Amino acid sequence: MTLRVILSRLRLTPLIHDGHHLRRSLSAAAAKLPDELPPGAPAPTSDSRLFVAGLSWSVDERSLTDAFSSFGTVTEVRIMYDKNSGRSRGFGFVHFSNDNEAKCAKDAMDGKVMLGRPLRISFALGRVRGASVIVPRLSTVK
DNA sequence: GTTGAGCGTT
């Protein structure tokens, strides 16, 4: 059975063969999407991942977990270490099970000193597969 | 036994 036959039986032939239909369907779908993120609006601050900097070099993932586990369920804690020296790079990431816990922990722990150094906490940027870090801005096709 | 802004070896 050829691909064409399969597509035909799935009634997808018009979409595949007719570029106009495909384009119109896509732009129609895009037009119906709510545009609640106008350009210039602040990026979504809600996130369940915290970027924690200002860590003392003697803070390990265990003590960091203990420091944050009272605000919610800590999914993952990661401290960046130098490959060669093995010493902490002074920052890491704390994952919570939901955004509210993360925000709560951030508001409570940001600026608090831990082992002599004030913590600098903000919501994590960067890449995590599955989390919407980049604003899903459907660039309006002209 | 040093250093101090930052966005991550899966």
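Residues numbered from 1 in each chain as written. Chains lettered and ligands numbered in written order. Predicted model: local features only at pLDDT ≥ 70, side-chain atom pairs only at ≥ 80, totals over all residues. Heavy atoms only, no water.

- Looking up chain A in an unreviewed UniProt entry gives the name RRM domain-containing protein, with the organism given as Zea mays.

1. Comments concerning the overall build of chain A
Stage number 1. Tallying secondary structure elements over chain A gives 5 helices and 6 strands in all.
Stage number 2. Secondary structure elements of chain A, listed N to C terminal, follow the sequence α-α-α-β-α-β-β-α-β-β-β.
Stage number 3. For chain A, with 142 residues in total, the buried portion stands at 23%.
Stage number 4. Long-range pairs, those at least 24 residues apart, make up 59% of the contacts in chain A between residues at least 6 apart in sequence.
Stage number 5. Here chain A has roughly 10,700 Å² of accessible surface; of this, 56% comes from carbon and sulfur atoms. (Helix = DSSP H or I, 4+ residues; strand = E, 2+ residues; numbered from the N terminus. Buried < 20%, exposed > 50% of the residue type's maximum accessible area, 1.4 Å probe, protein only. Contact = heavy atoms within 4.5 Å. Areas by Shrake-Rupley, 256 points an atom, 1.4 Å probe, with all protein chains shown as cover.)

2. Concerning the protein's contact with DNA strand B
Stage number 1. Around DNA strand B, the surrounding shell holds 22 residues, and the nearest of these are Leu55, Met80, Arg87, Arg89 and Leu125.
Stage number 2. When atoms of DNA strand B within 4 Å of the protein are sorted by moiety, sugar and phosphate together comprise 21%.
Stage number 3. In the model, a base nitrogen of DNA strand B is placed 3.0 Å from a nitrogen or oxygen of the Arg117 side chain.
Stage number 4. Elements supplying a minimum of two residues to the surface near DNA strand B: β1 (49-53), β3 (88-96) and β6 (120-123).
Stage number 5. Counting residues per element, the surface near DNA strand B draws most heavily on β3, which supplies 5 residues.
Stage number 6. Along the lines of polarity and charge, the residues of the surface near DNA strand B split into 11 nonpolar, 5 polar and 6 charged. (Near = heavy atom within 4 Å. Polar contact = N/O pair within 3.5 Å; in protein donor to acceptor, adjacent residues only side chain to side chain. Nonpolar A, V, L, I, M, F, W, Y, C, P; charged D, E, K, R; others polar.)

3. Some points on the side chain of Ser56
Stage number 1. Relative to the assigned elements, Ser56 resides in the loop between β1 and α4 (61-68).
Stage number 2. A residue is classified by how much of its surface remains accessible, and Ser56, at 12% relative accessible area, is buried.
Stage number 3. Ser56 has contacts with Met114, Leu115 and Arg117, leaving out every residue within four places of it along the chain.

4. What about the sheet that holds β3?
Stage number 1. Reading across the sheet, the 4 strands line up as β2-β3-β1-β6 and stay open at both edges, with antiparallel pairing between neighbours. Pairing within the sheet leaves two strands with one partner each, and these edge strands are β2 (74-81) and β6. Strand-to-strand twist of the sheet, defined as the mean angle between neighbouring strand axes without regard to direction, takes the value 20 degrees.
Stage number 2. As defined by bridge partners, β1 adjoins β6 across 4 bridges and the pair is classed as antiparallel. The residue of β6 that forms the bridge with Val52 is Ile121.
Stage number 3. Its contacts with the sheet put α4 on β1, β2, β3 and β6, and the angle it makes with β2 is roughly 140 degrees.
Stage number 4. On top of the sheet, helix α5 (residues 99-109) reaches β1, β3 and β6; it is set at about 155 degrees to β6, its chief contact. (Pairing = 2+ DSSP bridges. Axes fitted to C-alpha atoms, helices over the stretch in contact; angles between N-to-C directions.)

5. Regarding α4
Stage number 1. Of the positions making up α4, those classed as buried are Leu64, Ala67 and Phe68. An end-on view of α4 places all buried positions within 85 degrees of arc, on one side of the element.
Stage number 2. The inward-facing, buried residues of α4 contact β1, β2, β3, α5, β4 (113-114) and β6. (Arc of directions from axis to C-beta.)

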